[in-house]
Amino acid sequence: MDFNIAVIKGDGIGPEIVTEAMKVMDAVGAKYGHNFNYNEVLMGACAIDETGTPLPDETLEVCKNSDAVLFGAIGHPKYDNDPNAKVRPEQGLLKIRKELGLYANIRPVAYYPALEQFSPLKPERIEGADFVVVRELTGGIYFGEKGRNQDGTEAYDNCTYSVEEIERIAKVGFEAAQKRRKKLTLVDKANVLETSRLWRDTVTKMASSYPDVELDFLFVDNAAMQMILAPTQFDVILTENMFGDIISDEGSVIGGSIGLLPSASVGAKVGLYEPIHGSFPQGAGKNIANPMATILSAAMLLETSLNLVEEANAIRAAVSKAIDENVATEDLNKQNPVGTDAVGDFIAAAVSETVKA
Ligand code: IPM
Ligand code: MG
């Protein structure tokens, strides 16, 4: 089949890691008889440099008219270190999430036995950890009214959530739990925040429609601790935008590298797939960035947006093979690292060798 894929390489290591993911998708295409037509568009600091805006209209148009969006990373130190910058690369990402209606961000956290040594956590704690963070992505403090008082000595960021916003993401959480080990943990701060109390209320009411799912609650401070003390207790974690941002980075230490965690952002029509890590500007152009998270994001794209489940699993198996055989960048192979492109080559070749079901 033919598919139209919008590609946003972005900033920093973005172009390198996305190039490898495309290489692997093309290997899938050749093996399984699909044709991926890529349409490269700009977002982030590179878009600001070229067009003055982090998300040009053309980018949004192309994305809206595609079957899915493959995205690398955005961000640049010149903005990070300038709190007064008027335009920022991140505004592009927030806007595209909002415009595409991507309210559900799915971030699976996996444990790879071969990488145990790379996690700073004790092996007996992380062995078997396997959970998914379902993060609300278009509401909360990220999108509330923000500003300063007249003389600039006070600032505010409002956090609001409606029942409707909570219900639609909670549905994603409950359904994900139904397909897994049937446990849903709502992470909030209901002892302090009114929005969290609305989350608890709403999610509790919904629970009766999912009698097969066990629902429990954790305050986010405790959840942050539990995630590294005993990560195997989690199956699906449901949480709001900001808490999800924080705990998903924390979850990456279980896998051993932030360069391994993919994500899917879905909701309305077109899904967007990206690694959870940032643009790693210090690594840009050096052929040292781990492309696995982006390659695994491409697998999520195939499975979720294009319904190509066997193809997605072929990519996952190929990534596992690279991990098992230690064909990896320096974050996962200190002694004998290979380049970003060589990791992509290996995984693409492994996909080509897949025995079809
Ligand atoms: C993420 C990132 C983004 C976020 C930034 C780049 C705006 O950290 O996708 O987790 O905070 O959502
Ligand atoms: Mg983040």
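Scope of this entry: the structure provided in the associated data block.

Rules of the game
Residues numbered from 1 in each chain as written. Chains lettered and ligands numbered in written order. Predicted model: local features only at pLDDT ≥ 70, side-chain atom pairs only at ≥ 80, totals over all residues. Heavy atoms only, no water. Buried < 20%, exposed > 50% of the residue type's maximum accessible area, 1.4 Å probe, protein only. Helix = DSSP H or I, 4+ residues; strand = E, 2+ residues; numbered from the N terminus. Arc of directions from axis to C-beta. Near = heavy atom within 4 Å. Polar contact = N/O pair within 3.5 Å; in protein donor to acceptor, adjacent residues only side chain to side chain. Areas by Shrake-Rupley, 256 points an atom, 1.4 Å probe, with all protein chains shown as cover. Expected span 1.5 Å × (residues − 1). Core = buried A, V, L, I, M, F, W, Y, C linked by side-chain atoms within 4.5 Å. Domains from an automatic or database assignment. Contact = heavy atoms within 4.5 Å. Axes fitted to C-alpha atoms, helices over the stretch in contact; angles between N-to-C directions. Parallel < 35°, antiparallel > 145°, perpendicular 65-115°, else oblique. Left-handed = near helix turned anticlockwise from the far one by under 90°. Nonpolar A, V, L, I, M, F, W, Y, C, P; charged D, E, K, R; others polar.

## So, helix α3 (residues 57-64)
Count 3.6 residues to each turn of an α-helix, and residues three or four apart come out pointing the same way.
And step 1. For α3, every residue scored as buried is listed here: Thr-59, Leu-60, Val-62 and Cys-63. Angularly, the buried residues of α3 cover 165 degrees about the axis, an arc narrow enough to put them on a single face. Residues of α3 that are exposed and point more than 90 degrees away from the buried face comprise Asp-57 and Glu-58.

## Looking at the site of ligand 1
And step 1. By nearness alone, every residue bordering ligand 1 is listed as Glu-90, Leu-93, Arg-97, Arg-107, Arg-135, Tyr-142 and Asp-245.
And step 2. Arg-107 is positioned such that a nitrogen or oxygen atom in its side chain is 2.9 Å from an oxygen atom of ligand 1.
And step 3. One of the side-chain nitrogen or oxygen atoms of Asp-245 is found 2.9 Å away from an oxygen atom of ligand 1.
And step 4. Here ligand 1, which alone exposes 320 Å², has 78% of that area covered by the protein.

## Side note on helix α1 (residues 14-32)
And step 1. Helix length check: α1 (19 residues) gives 27 Å between terminal C-alpha atoms against 27 Å at 1.5 Å per residue, within 8%.
And step 2. Immediately beyond the C-terminal end of α1, within one or two residues, lies Gly-33, with a positive phi of roughly 75 degrees.

## A few points about the nonpolar core
And step 1. Formed by 70 residues in total, the largest nonpolar core has its most connected members in Ile-5, Met-292, Leu-302 and Ile-347.
And step 2. Per-element accounting of this core gives the leading share, nine residues, to α1.
And step 3. Here this core spans two domains, and each of domain 1 (1-103 + 261-357) and domain 2 (120-255) adds at least three residues to it.
And step 4. Those residues in contact with Leu-302 that sit more than four places away from it in its chain are Met-25, Val-28, Phe-36, Asn-307, Leu-308, Glu-311, Ala-312 and Ile-315.
And step 5. Of all hydrophobic cores here, the second largest spans 19 residues; its members include Ile-126, Val-187, Ala-223 and Met-227.

## Focus: the packing of α1 against helix α12 (residues 309-324)
And step 1. At a minimum axis separation of 11 Å, α1 and α12 run at an interaxial angle of 130 degrees. Looking at the two axes, α1 sits oblique to α12. As α1 packs across α12, the resulting crossing turns out to be right-handed. Note on element contacts: α12 touches α1 through Glu-310, Glu-311, Ala-314 and Ile-315, opposite Val-24, Val-28 and Tyr-32.
And step 2. Of the residues contributing to the contact of α1 with α12, the split by class is five nonpolar, no polar and two charged.

## Concerning unusual backbone geometry
And step 1. The backbone of Phe-280 shows a phi angle near 40 degrees, a positive value even though the residue is not glycine.
And step 2. Tracing the chain through its elements places Phe-280 in the loop between β12 (271-275) and α11 (292-304).
And step 3. In this structure, Asn-307 takes a positive phi of about 60 degrees despite not being glycine.
And step 4. Summarising the element assignment, Asn-307 is placed in the loop between α11 and α12.
And step 5. A relative accessible area of 62% places Asn-307 in the exposed class.

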